[in-house]
Amino acid sequence: MNLEIISSNKSVGGWHKRYRHSASLLGCEMNFSIYLPPQALTGQKVPVLYWLSGLTCTDENFMQKAGAHRIAAELGIALVTPDTSPRGEGIPDDPAYDLGMGAGFYVNASQSPWRDHYQMYDYVTRALPELIETHFPVSTRRAISGHSMGGHGALIAALREPGRYRSVSAFSPICHPSRCPWGQKALGAYLGQNPLLWQEWDACQLLRHQPVTPLPTLVDVGLDDPFLAEQLHIDALAEAAASKGWPLELNRHAGYDHSYYFVASFIEAHLRFHARYL
């Protein structure tokens, strides 16, 4: 597979690089970013934290705003950030920010016109890791994290893929998409209007209704997040995790909102959490 490098920047002794590649699964070219810590430059195969971003974001937001490189360099963890949807000419889109490009919701779409391109779940859990593990000095020790829509993606990936990840974390995740406006709109469009089909893409429903393999889980949310009550449903996640004995560490922070200022404030704790298991 050909990788086209878009940019390359030295950062904290390692390298931050952006690439473009042809993603046959999605029927388009996709961009991703990778941070390789100094340890990876000496031939050591390092573990990887996959970060899934939220609505309207690309592969660039986390790398530019979270301030994660310093701690990743110290801990010897590579960071990989995919885009949030297929993009390009001929890719289905919607005028609204919460559907279509920039809003793939990390599901495998089954409905027209989305199904030919919006296979984001298989892309972030299978196709992209296979590419990363083939072309870069990384191991198969994986963790996954994300923010908002990406927090939803990280949680469902961890729940649906036992043994694939060592740990999972999320900032301000959409925990119960089948019960919130963002999720109902996206799942209805991508999967159809039968809510029963949404359950396998809903972290709370997965915890409640399927056998689960416990995985270390860290979730942080800001109590001044304007989307907390209507869109995130953090309490539902806590209740579902407790009912299954799922090892959830949930932290609620007064004064913090939904922005990357919040992510940047606590990303060090998340990276150190994952390092314990990677």
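Before reading further, recall that the structure is shown in the block above.
Residues numbered from 1 in each chain as written. Predicted model: local features only at pLDDT ≥ 70, side-chain atom pairs only at ≥ 80, totals over all residues. Heavy atoms only, no water.

### With respect to the pattern of salt bridges
Piece 1. Throughout the structure, instances matching the rule amount to 12 salt bridges.
Piece 2. Residue Glu74 is joined to Arg272 by a salt bridge in which the shortest nitrogen-to-oxygen separation is 3.0 Å. Taken together, the residues Glu74 in helix H2 (residues 69-75) and Arg272 in helix H9 (residues 260-275) connect sequence positions 198 residues apart.
Piece 3. The network of salt bridges with common partners includes Arg70, Glu74, Glu268 and Arg272. (Salt bridge = Lys/Arg side-chain N within 4 Å of Asp/Glu carboxyl O. Helix = DSSP H or I, 4+ residues; strand = E, 2+ residues; numbered from the N terminus.)

### Structural notes on helix H8 (residues 234-244)
Piece 1. Residues of H8 that are buried: Ile234, Ala236, Leu237, Ala240 and Ala241. Viewed end-on, H8 has its buried residues packed into an arc of 155 degrees, placing them on one side of the element. Counted as exposed and oriented over 90 degrees from the buried face of H8: Glu239, Ala242 and Ser243.
Piece 2. Contacts from the buried residues of H8 go to helix H4 (149-160), helix H6 (203-209), strand E8 (217-222), helix H7 (228-232) and strand E9 (248-253).
Piece 3. Backbone geometry just downstream of H8 places Gly245 in the positive-phi region, at approximately 65 degrees. (Buried < 20%, exposed > 50% of the residue type's maximum accessible area, 1.4 Å probe, protein only. Arc of directions from axis to C-beta. Contact = heavy atoms within 4.5 Å.)

Geometric values such as these leave the question of function open.
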